[in-house]
Amino acid sequence: MIGEKKDFISLEDFTAAEITGLVKLAADFKKHRQQKKTRSLLAGKKLGMIFAKNSTRTRVSFETGIYELGGMGIFLSQNDLQLGRGETVSDTGHVLERYIDAIMIRTHAHSDVLELARAVSIPVINGLTDWCHPCQILADLLTVWEQRKTLKNLKVAYIGDGNNVANSWIYAAQKLGFSLCVASPASCAVSDKITDSCHNKNIRFTEDPEEAARDADILYTDVWVSMGQEAGAEERIKALEPYQINAGLASLAKKDYIFLHCLPAHRGQEVSADIIDGPHSLIFAQAENRLHAQKAVMYRLMK
Ligand code: CP
Ligand code: NVA
């Protein structure tokens, strides 16, 4: 359990203390990765991992994470499951809970994850939906915390598509209070569902990427075409062109800014190669931190 929650579905569901608690536990797992005592914390536990979309980091970090804690992961491609042939989410869940101890799911509709979580008594972890990507932002917060030793008094600039990753950053800023500026063109802006109800003074939405980048501690971006959005790719790329994080935009940020990207990246689109491969970029430390963050979530929910 994390607080009263059996599941990890959205940062919106957690308090600031619960989120920072997970970040600190993840840091602890990182520090003690080689220690024997951490290797049996989830001994014998089984995690089912349903994927309806591709993944490198999420799959490998969960699978190695559960293994390093003494348990095992079972990769379940949606195409190979009867789920892919129309078996319902809840029937799938009821069957899986007879075999395994927790389910991680990456899928399209956020409502499917909520339905699964309601149906089963075991923990459900959101490994990305079209709506949000909480596991990613947990790893991102760990990366920021390692560098700055705080999650307050920071300006995060999210520049680009107002997608699932942007939504989870917004939830994190709502809970933790750091300053977040989200810059996107109107056609790729964050959903009204979020902007209409977001009255937090620390969060700004703008169409001006320079406003977001100015004095930022963190420059963050994500792909312009998320999984499932391939049909409108050409228009999105055109609309997002002025939002590329490049040397010009980065020159407005703090001198010691950090560049982050959840990956996979497209050099020449959302970020120029000199920035993502440059000295301010922490993308691989950030990717490694997925492992430690995943361990914290699994330990809290499955122990
Ligand atoms: N950032 C992230 O979730 O990567 P994958 O799509 O490779 O899992
Ligand atoms: N916004 C991206 C994130 C990938 C990790 C997507 O949904 O494809």
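Residues numbered from 1 in each chain as written. Chains lettered and ligands numbered in written order. Predicted model: local features only at pLDDT ≥ 70, side-chain atom pairs only at ≥ 80, totals over all residues. Heavy atoms only, no water.

Enquirer: Mind showing me how you'd approach the site of ligand 1 here?
Expert: Neighbouring ligand 1 are Ser55, Thr56, Arg57, Thr58, Arg106, His133, Gln136, Cys262, Leu263 and Arg290. A distance of 2.6 Å separates an oxygen atom of ligand 1 from a polar backbone atom of Thr56. One nitrogen or oxygen atom from the side chain of Gln136 is found 2.9 Å from a nitrogen atom belonging to ligand 1. Against a free-state accessible area of 250 Å², the protein chains account for coverage of 96% of ligand 1. Tallied by class, residues from the shell around ligand 1 come to two nonpolar, five polar and three charged. (Near = heavy atom within 4 Å. Polar contact = N/O pair within 3.5 Å; in protein donor to acceptor, adjacent residues only side chain to side chain. Areas by Shrake-Rupley, 256 points an atom, 1.4 Å probe, with all protein chains shown as cover. Nonpolar A, V, L, I, M, F, W, Y, C, P; charged D, E, K, R; others polar.)

Enquirer: How do you make sense of the site of ligand 2 when you look at a structure like this?
Expert: Near ligand 2 the following residues occur: Leu128, Asn163, Asn164, Asp222, Val223, Ser226, Met227 and Leu263. In the model, an oxygen atom of ligand 2 is placed 2.9 Å from a nitrogen or oxygen of the Asn164 side chain. The side chain of Ser226 places a nitrogen or oxygen atom 2.7 Å from a nitrogen atom of ligand 2.

Enquirer: Would you mind showing me how to read helix α12 (residues 283-302) here?
Expert: In an α-helix, one full turn covers 3.6 residues, which means residues spaced three or four apart are oriented alike. With 20 residues, α12 should cover 28 Å at 1.5 Å per step; its first-to-last C-alpha distance of 29 Å lies within 8% of that length. Among the 20 residues in α12, 15 count as buried, and that is most of the element. (Helix = DSSP H or I, 4+ residues; strand = E, 2+ residues; numbered from the N terminus. Expected span 1.5 Å × (residues − 1). Buried < 20%, exposed > 50% of the residue type's maximum accessible area, 1.4 Å probe, protein only.)

Enquirer: What exactly am I supposed to notice about the pattern of salt bridges here?
Expert: Tallied over the full model, the rule gives 13 salt bridges. One salt bridge in this structure joins Lys30 and Glu146, with 2.7 Å as the shortest N-O distance. Of this pair, Lys30 sits in helix α1 (residues 16-31) while Glu146 sits in helix α5 (residues 134-148), and the two are 116 residues apart along the sequence. Exposure remark for Glu146: the relative accessible area of 24% places this residue in the partly exposed category. Between Arg204 and Glu211 there is a salt bridge, with the nearest N and O atoms lying 2.3 Å from each other. Here the salt bridges share partners, and the residues they tie into one network are Arg148, Asp217, Lys254 and Asp256. (Salt bridge = Lys/Arg side-chain N within 4 Å of Asp/Glu carboxyl O.)

Enquirer: Just checking my understanding: could you explain the environment of Leu76 for this structure?
Expert: With respect to the helices, strands and loops of the structure, Leu76 is situated in strand β2 (residues 72-77). The spatial distance from the C-alpha of Leu76 to the C-alpha of Gln35 is 30 Å, given a sequence separation of 41 residues. If we skip the residues at most four places from it in the chain, Leu76 touches Gly48, Met49, Ile50, Phe51, Leu81 and Leu96. (Contact = heavy atoms within 4.5 Å.)

Enquirer: Mind showing me how you'd approach the pairing of strand β5 (residues 155-159) here?
Expert: Every regular strand shows the same layout, with side chains that alternate between the two sheet faces. The buried fraction of β5 amounts to five of the five residues, a majority that puts the element mostly inside the structure. The alternating pattern of β5 places Lys155, Ala157 and Ile159 on one face and Val156 and Tyr158 on the opposite face, and all of these are buried. Alignment of β5 against strand β6 (residues 179-183), held across five bridges, turns out to be parallel. Each bridged residue has a counterpart across the sheet, and for Lys155 the counterpart in β6 is Ser179. For the crossover from β5 across helix α6 (residues 164-176) to β6, the handedness is right-handed. (Pairing = 2+ DSSP bridges. Right-handed = clockwise from strand over helix to strand, strands pointing away.)

Enquirer: Quick question: what am I supposed to make of unusual backbone geometry here?
Expert: Glycine aside, residues mostly have negative phi, and peptide bonds are mostly found in the trans state. That bond from Leu263 to Pro264 is cis: its omega, 5°, falls within 30 degrees of zero. Structurally, the position occupied by Pro264 is in the loop between β9 (258-261) and α11 (273-276). The phi angle at Leu263 is positive, at roughly 70°, despite the residue not being glycine. Checked against the element boundaries, Leu263 lands in the loop between β9 and α11.

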